[in-house]
Amino acid sequence: ELTMPVLIVWGSSDTVTPLWQGRALAKFLPQASFAEIDGAGHIPYIENAEVFHQDLFKFLNGSQ
């Protein structure tokens, strides 16, 4: 029922919540954008903060 844009950020090496679950979640949200951070685990915003911020800024600027 969410209609606003949503950014889902997932680490490709997440062993707590696997990548397939993030992709499945994105399918439930019609306005979702999915950003996969290569090599990051369960805490991608800490494990690769630079890429996380790049993805976030792209999303907020409407260019993702």
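Here, the structure is the one placed above.
Residues numbered from 1 in each chain as written. Predicted model: local features only at pLDDT ≥ 70, side-chain atom pairs only at ≥ 80, totals over all residues. Heavy atoms only, no water.

Engineer: Could you give an account of helix 3 (residues 49-60), with specific residues and numbers?
Structural biologist: Counted at 1.5 Å a residue, the expected span for helix 3 with its 12 residues is 16 Å, and the 16 Å between its end C-alpha atoms agrees. When we look at burial in helix 3, the residues that qualify are F52, D55 and F59. Along the axis of helix 3, the buried residues cluster in a sector spanning 70°; they form a single face. In helix 3, the exposed residues that point more than 90 degrees away from the buried face are E50 and L60. Those residues of helix 3 that are buried lie in contact with strand 1 (6-11), strand 2 (32-37) and helix 2 (44-47). With its phi angle positive at about 75°, G62 sits one or two positions after the end of helix 3. (Helix = DSSP H or I, 4+ residues; strand = E, 2+ residues; numbered from the N terminus. Expected span 1.5 Å × (residues − 1). Buried < 20%, exposed > 50% of the residue type's maximum accessible area, 1.4 Å probe, protein only. Arc of directions from axis to C-beta. Contact = heavy atoms within 4.5 Å.)

Engineer: So what about the packing of aromatic side chains? Which residues, and what values?
Structural biologist: Any two aromatic rings considered together are summarised by their centre-to-centre distance and by the angle between their planes. Evaluated as defined, the whole model comprises two aromatic pairs. Aromatic pair W10 and F34: ring centres 6.5 Å apart, planes at 25°, arrangement stacked. Taken together, the positions of W10 in strand 1 and F34 in strand 2 put the pair 24 residues apart, joining distant regions of the chain. Judged by its relative accessible area of 13%, W10 falls in the buried class. Residue F34 is classed as partly exposed on the basis of its relative accessible area of 25%. (Phe/Tyr/Trp six-rings, centres within 6.5 Å; stacked < 30°, edge-to-face > 60°.)

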